[in-house]
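# Residue-level structure breakdown
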Amino acid sequence: MGDLLLDVQDLHVRFAHESGSLHAVRGLDFSLHAGESLAIVGESGSGKSATAMAIMGLHPQSARVEGSIQLHGQQLIGRDDQTLSQLRGKSMAMIFQDPLSAMTPVYTVGEQIVEAICVHEPCSPTVAISRAVKLLDLVGIAEPQRRVHAYPHEFSGGMRQRAMIAMAIANNPDVIIADEPTTALDVTIQAQVLDVLQRACRELHAALILITHDLGVVARVADRAIVMYAGRAVEQAPVDTLFKKPAMPYTLGLLGSLPNAALSANEGASASSALTTTLGTIPGYPPSPLSLPPGCSFAPRCPLADEQCLLEEPPLTPIGKTEQLVACVYRDSIANNTINTRDLFLPELSGAGVNDHNPDNNSSANPVEENSNAGSMLLELSGVKQHYPVYKGTIFTHQTGTVFAVDGIDLQLRQEETLALVGESGCGKSTTALTILDLAPPTHGSIKVFDTNVDSLANNKQKLAIRRKLQIVFQDPMSSLDPRMPVFDLIAEPLGVLNVALHVIERRVQALLSLVGLEAVHAERYPQQLSGGQLQRVCIARALAIEPHLLVLDEPVSALDVSIRAGIINLLQNLKSTLGLSYLFIAHDLALVRHFADRVAVMYLGRIVETGTVDDVYSNPMHPYTRCLLSVVPIPDPVLERGRVRIVPIGDLPSPSDPPAGCRFHTRCPMKAALSEAQQQRCESKTPELISHDCASELSSQANIGTHQYACHFGHETKS
């Protein structure tokens with residue numbers, strides 16, 4: 001480590017609130033040296049971002065920031081905004097979570113980088129724009145001379161985040177704070193952004209504060225980590241120690257909430273182990289900063305808590321002579337393995353059947369009975385294409401192109417099966433789901449839902465009969481629910497559409513609340529009064545109200561904390577076995593797919609490039625794109641994560657309105673350079689068809705459900 005850059009001692013942040021003072025950060029201490037990476041992790045509301053904003057001096061004047069924050073020995077607390085403005089962007093810089101809202105939409109990316117340069121180092125426009133081009137090139141933006149004149153909305157999410165990094169490092173800062181810089185990004189873009197961030201820190205010999213809830217990212221990037229809970233640090237240690245020997249129950253809960261990260265047998269797990277385990281869950285929710293419990297703030301959620309934990313809040317205390325600091329009365333017992341913590345947060349899933357929750361004995365729809373024919377086909381897509389014309393003009397419009405959102409795919413989903421649809425943003429996953437849910441003929445091909453071709457649905461009555469068996473759970477629960485309606489009405493609304501009797505609706509709503517793990521009191525609350533996990537449970541209950549057979553899950557947990565995410569996944573697994581449900585699971589979290597799905601289909605630019613059982617695809621990926629995706633999935637193990645060879649696709653995803661000829665992945669394929677010139681020409685000119693991994697022959701998709709297939713001319717050659 002280099003010189004001491006940042007020293008934070010006894011930091012407190014308070015906000016005025018109508019119910020009293022909201023204590024967001026409570027006595028945080030840490031130091032940061034040149035070239036060091038420090039991760040701050042914890043659930044939403046733990047005080048991570050409040051800490052970062054306090055360091056940058058970005059809290060409103062109404063906030064009370066107390067303690068000491070010294071940058072290069074200079075005290076920052078109490079300085080006026082003009083003094084801090086001279087340091088922001090020069091000595092310290094911040095990368096925000098959402099680059100689109102952090103950038104001004106009416107100025108080009110280049111103009112905003114130039115502004116960041118000229119505020120601290122006045123120079124001519126020519127010199128400043130030249131530096132902006134070099135910065136965009138440094139962070140991996142293709143064609144920086146042209147892109148420097150583009151607006152933020154013309155950049156993809158990954159490109160915007162890299163442009164934000166370019167803006168942050170424009171003046172060679174000593175400290176870079178990255179607040180959830182990869183949360184909303186695909187795994188490939190996430191890998192590119194992290195590589196850029198690490199390279200920038202190496203080039204500048206800068207220190208990094210990484211705020212995240214993704215422990216796989218922590219394992220890869222950070223040297224030390226601070227785990228925060230209810231506004232204070234509860235564990236602090238070098239990353240290797242934190243992952244190998246965590247000694248705070250909360251840290252154990254966070255690590256236990258993660259899906260099995262070993263993606264193949266040679267990475268430390270058997271082929272089927274990830275599919276059979278239950279994720280650990282931390283019971284309850286973090287306390288409100290306005291009403292903290294007595295003693296240890298984690299005690300109400302801790303399986304080890306006793307009367308001793310309620311007496312006083314334990315201080316951060318070192319374990320022996322190590323650098324590991326833990327705030328727990330049982331820290332030494334946990335560290336010495338005298339307490340069995342292996343299954344500390346493993347939940348006991350309910351085995352109750354649907355009849356225990358549905359008091360309407362006259363209901364004709366019993367999912368357990370109707371869906372008992374496991375293995376029957378629920379969904380079949382054959383050669384499905386969904387194209388959208390692009391028009392130009394206002395009064396006299398004319399078609400200027402076509403968006404090939406889905407361009408010829410075959411999918412099958414059987415009863416009581418989970419099929420995962422994975423790929424980068426823009427590859428056609430959500431369009432595929434919406435095409436199925438629309439129950440309208442696609443541009444080309446056929447869709448059969450519950451053995452009924454959607455072409456034959458002549459009226460709304462027939463469509464309604466199908467829709468009763470087919471429901472969706474969206475990514476963002478808050479935007480999925482009407483904020484003006486209480487939870488009872490939100491769940492009851494689908495039943496009202498079907499003219500179900502009021503007394504039946506009342507019993508059914510209470511049964512559904514119990515089924516998804518909510519209490520009866522939640523029925524009277526409004527969406528804004530619930531947490532993110534509770535909201536998603538309401539969405540699931542609403543989807544189950546009319547007893548569907550198939551649920552489409554469109555990124556249902558991507559916006560949730562890791563511990564809450566585990567609870568939702570466990571709930572969905574339990575509902576699948578209890579009610580005989582089938583899932584079409586759309587996701588970009590491949591570690592979660594490994595744990596949750598039975599089969600997986602990998603999409604790229606509107607086409608399926610590989611499909612098969614999860615075991616087959618993850619243990620022996622054949623398509624270069626699949627190998628790229630799997631190689632960049634973060635693993636929450638520092639030894640494994642830092643020792644892996646990553647294969648990152650070249651550049652950004654092409655536009656679906658102008659897909660490449662031949663193999664659509666050839667423009668980004670890292671394996672293409674190893675092929676002969678003749679082989680490369682074949683990739684560029686001929687579209688590969690799905691072939692069987694076993695016999696390398698083209699297949700009829702209808703007869704080979706579950707067969708490992710891939711669409712690559714030279715899958716075996718590139719793998720070797």
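Up top you'll find the structure we're talking about.
Cut-offs and rules
For every chain, the first residue of the written sequence is number 1, and numbering continues from 1 onward in sequence order. For this predicted model, a pLDDT threshold of at least 70 governs which residues receive local features, and a threshold of 80 or more governs which side-chain atom pairs are given and counted, while totals over whole chains, interfaces and linings are taken from all residues. In computing side-chain properties, one takes all heavy atoms of the structure into account and sets aside hydrogens as well as water. Put simply, DSSP H or I for four residues or longer makes a helix, DSSP E for two residues or longer makes a strand, and each gets a number counted from the N terminus. In this description the radius of gyration comes from C-alpha coordinates, and the expected globular size is given by 2.2 Å times residues to the power 0.38. Accessible area is worked out with a 1.4 Å probe on protein chains only. A residue is then buried under 20% of its type maximum, exposed over 50%, and partly exposed in between. Detection works on a 1 Å grid of protein atoms alone, calling trapped sets that fit a 1.4 Å probe cavities and calling open sets with protein on both sides within 12 Å along at least five of seven lines pockets, with lining residues defined by an atom within 4 Å of a point. Grid points are joined across faces, edges and corners, and a volume is the space filled by probe spheres set on the points. Basically, the charged four are Asp, Glu, Lys and Arg, the nonpolar ten are Ala, Val, Leu, Ile, Met, Phe, Trp, Tyr, Cys and Pro, and anything else, Gly included, counts as polar. In this description, strands pair whenever DSSP reports at least two bridges between them. The contact criterion used throughout is that any non-hydrogen atoms of two residues lie within 4.5 Å. Axis lines are fitted to C-alpha atoms, over the contacting stretch for helices. Their N-to-C directions set the angle, which ranges from 0 to 180 degrees. Sulfur atoms of two cysteines make up a disulfide when they are within 2.5 Å. Among buried residues, the Ala, Val, Leu, Ile, Met, Phe, Trp, Tyr and Cys ones that are joined through side-chain atoms within 4.5 Å form a nonpolar core. Salt bridge criterion: a side-chain nitrogen from Lys or Arg within 4 Å of a carboxyl oxygen from Asp or Glu. Roughly parallel means an angle under 35 degrees; roughly antiparallel, over 145; roughly perpendicular, 65 to 115; everything else is oblique. The hand of a helix crossing depends on one turn: near helix anticlockwise from the far one by less than a right angle means left-handed, and clockwise means right-handed. Here a helix's expected span is defined as the number of its residues, less one, multiplied by 1.5 Å. When the centres of two rings from Phe, Tyr and Trp lie within 6.5 Å, Trp using its six-membered ring, the rings pair. Their planes under 30 degrees apart give stacked, over 60 give edge-to-face, and anything left gives tilted.

### A closer look at the overall build of the protein
Along the protein, the regular secondary structure elements total 27 helices and 24 strands. In summary, the protein has a C-alpha radius of gyration of 27 Å against a globular reference of 27 Å for 720 residues, a match within 12%. In terms of its C-alpha atoms, the protein occupies a principal-axis envelope of roughly 75 × 65 × 55 Å. The buried share of the protein, taken over its 720 residues, is 54%.

### Things to note about empty space enclosed by the protein
By the definition in use, this model includes seven cavities of 30 Å³ or more. Of the voids in this model, the second largest cavity is the one considered here, and its volume is about 100 Å³. Together, 14 residues line the second largest cavity, and P624, C663, C669, C683 and C712 are the ones closest to its centre. By residue class, the composition of the lining of the second largest cavity is ten nonpolar, three polar and one charged.

### Quick word on the sheet that holds strand β17 (residues 452–453)
Across the sheet, four strands lie side by side as β14-β13-β16-β17; this open sheet has antiparallel pairing. Edge strands, defined here as strands with exactly one partner in the open sheet, are β14 (398–414) and β17. Here two bridges tie strand β16 (residues 444–449) to β17, and the two strands are oriented antiparallel to one another. Bridge pairing links K448 to N453 in β17. Along the sheet face, helix α15 (residues 429–438) touches β13 (377–392), β14 and β16 and points at about 110 degrees away from the line of β13.

### Considerations on the state of the cysteines
Evaluated as defined, the whole model comprises zero disulfides. In this structure C683 is not part of a disulfide, and its nearest cysteine sulfur, from C663, lies 6.0 Å away.

### Considering the nonpolar core
Generally speaking, nonpolar side chains in soluble globular proteins are found buried as a group. Membership of the largest hydrophobic core comes to 71 residues, with the highest contact counts inside it found for I540, L544, L575 and V593. For this core, the element with the most residues is helix α21 (residues 562–579), which contributes eight residues. Residues contacting L575, with those up to four places away along its chain left out, are L515, I540, L544, G580, L581 and Y583. One finds M103, I141, A150 and A166 within the second-largest nonpolar core, a separate group that totals 42 residues.

### Focus on the environment of A170
With respect to the helices, strands and loops of the structure, A170 is situated in the loop between α7 (157–168) and β7 (175–179). Since its relative accessible area comes to 3%, A170 is described here as buried. For the pair formed by A170 and A440, sequence separation is 270 residues and the distance between their alpha carbons is 51 Å. Setting aside chain neighbours within four positions, we find A170 in contact with I117, R131 and L135.

### A word on the pattern of salt bridges
In total, this model carries 27 salt bridges according to the counting rule given. When the shortest N-O distance is used, the salt bridge between R642 and D240 registers 3.9 Å. Highlighted residues: R642 in helix α25 (residues 638–643) and D240 in helix α10 (residues 239–244), separated in sequence by 402 residues. A residue is classified by how much of its surface remains accessible, and R642, at 39% relative accessible area, is partly exposed. The exposure class assigned to D240 is partly exposed, which follows from its relative accessible area of 44%. In this structure, the salt-bridge partner of R599 is E417, at a minimum N-O distance of 2.7 Å. You can see R599 sitting in strand β21 (residues 599–604) and its partner E417 sitting in the loop between β14 and β15 (418–422), a full 182 residues away along the chain. For E417, a relative accessible area of 6% translates into the label buried.

### Quick notes on the packing of α7 against helix α8 (residues 187–204)
The interhelical angle for the contact between α7 and α8, taken along N-to-C directions, is 10 degrees, at an axis separation of 10 Å. The pairing of α7 with α8 is recorded here as roughly parallel in orientation. Listed contacts from α8 to G158, Q161, R162 and I165 of α7 are I189, Q192, V193, V196 and L197. In terms of residue class, the contact of α7 with α8 is built from five nonpolar, three polar and one charged.

### Concerning the packing of helix α20 (residues 532–544) against α21
Close contact between α20 and α21 brings their axes to 10 Å; oriented N to C, the two are set at 20 degrees. Taken as axis vectors, α20 and α21 run roughly parallel relative to one another. The handedness of the crossing between α20 and α21 is right-handed. Between α20 and α21, the residues in contact are G533, Q536, R537, I540 and L544 and I564, G567, I568, L571, L572, L575 and L579, respectively. Here the residues of the contact of α20 with α21 are counted per class, giving eight nonpolar, three polar and one charged.

### Things to note about helix α19 (residues 502–515)
At 3.6 residues per turn, the α-helix brings residues three or four places apart onto the same side. Here α19 contains 14 residues, and its C-alpha end-to-end distance of 20 Å stays within 8% of the 20 Å for a straight helix at 1.5 Å per residue. Every buried residue belonging to α19 is among V504, I505, R508, V509, A511, L512, L513 and L515, and all of these are buried. Taken together, the buried residues of α19 touch α18 (487–497), α20 and α21. Count one or two residues on from α19 and you reach G517, which has phi positive near 85 degrees.

### Re the sheet that holds strand β10 (residues 232–238)
Reading across the sheet, the eight strands line up as β6-β7-β8-β3-β9-β10-β12-β11 and stay open at both edges, with mixed pairing between neighbours. The open sheet terminates on both sides in strands that have one partner only, identified here as β6 (92–95) and β11 (317–318). Two elements, strand β9 (residues 224–229) and β10, share six bridges in a ladder whose sense is antiparallel. Note on β10: the bridge partner recorded for M228 is A233. Strand contacts of helix α11 (residues 249–256): β9 and β10, with the helix running at about 105 degrees to β9, the strand carrying the most contacts.

### Description of the packing of aromatic side chains
Enumeration according to the criterion identifies nine aromatic pairs in this entry. On the basis of an interplanar angle of 45 degrees and a centroid distance of 6.4 Å, the ring pair of F298 and F345 is categorised as tilted. Placement of F298 in the loop between α12 (273–276) and β11 and of F345 in the loop between α13 (331–335) and α14 (367–370) is noted, with a sequence separation of 47 residues between them. Of the residues examined, F298 reaches a relative accessible area of 1% and is grouped as buried. According to the relative accessible area criterion, F345 is buried, its value standing at 8%.

### With respect to the pairing of β21
Counting buried positions along β21 gives six out of six residues, so the element sits mostly inside the fold. Here β21 shows a buried face lined by R599, A601 and M603 and a second buried face lined by V600, V602 and Y604. Alignment of β15 against β21, held across four bridges, turns out to be parallel. Paired with L421 across the bridge in β21 is A601. Relative to strand β22 (residues 607–613), β21 is paired through six bridges, and the arrangement is antiparallel. Bridge pairing links V600 to G612 in β22.

### Some thoughts on unusual backbone geometry
In the Ramachandran plot, A230 falls in the positive-phi region, its phi being about 55 degrees despite a non-glycine side chain. Here A230 shows up in the loop between β9 and β10. One non-glycine residue, N499, lies in the positive phi region at around 60 degrees. When you line up the elements, N499 lands in the loop between α18 and α19. The exposed category is assigned to N499, whose relative accessible area is 69%.

Note that all results are geometric; they support no functional claim without further evidence.
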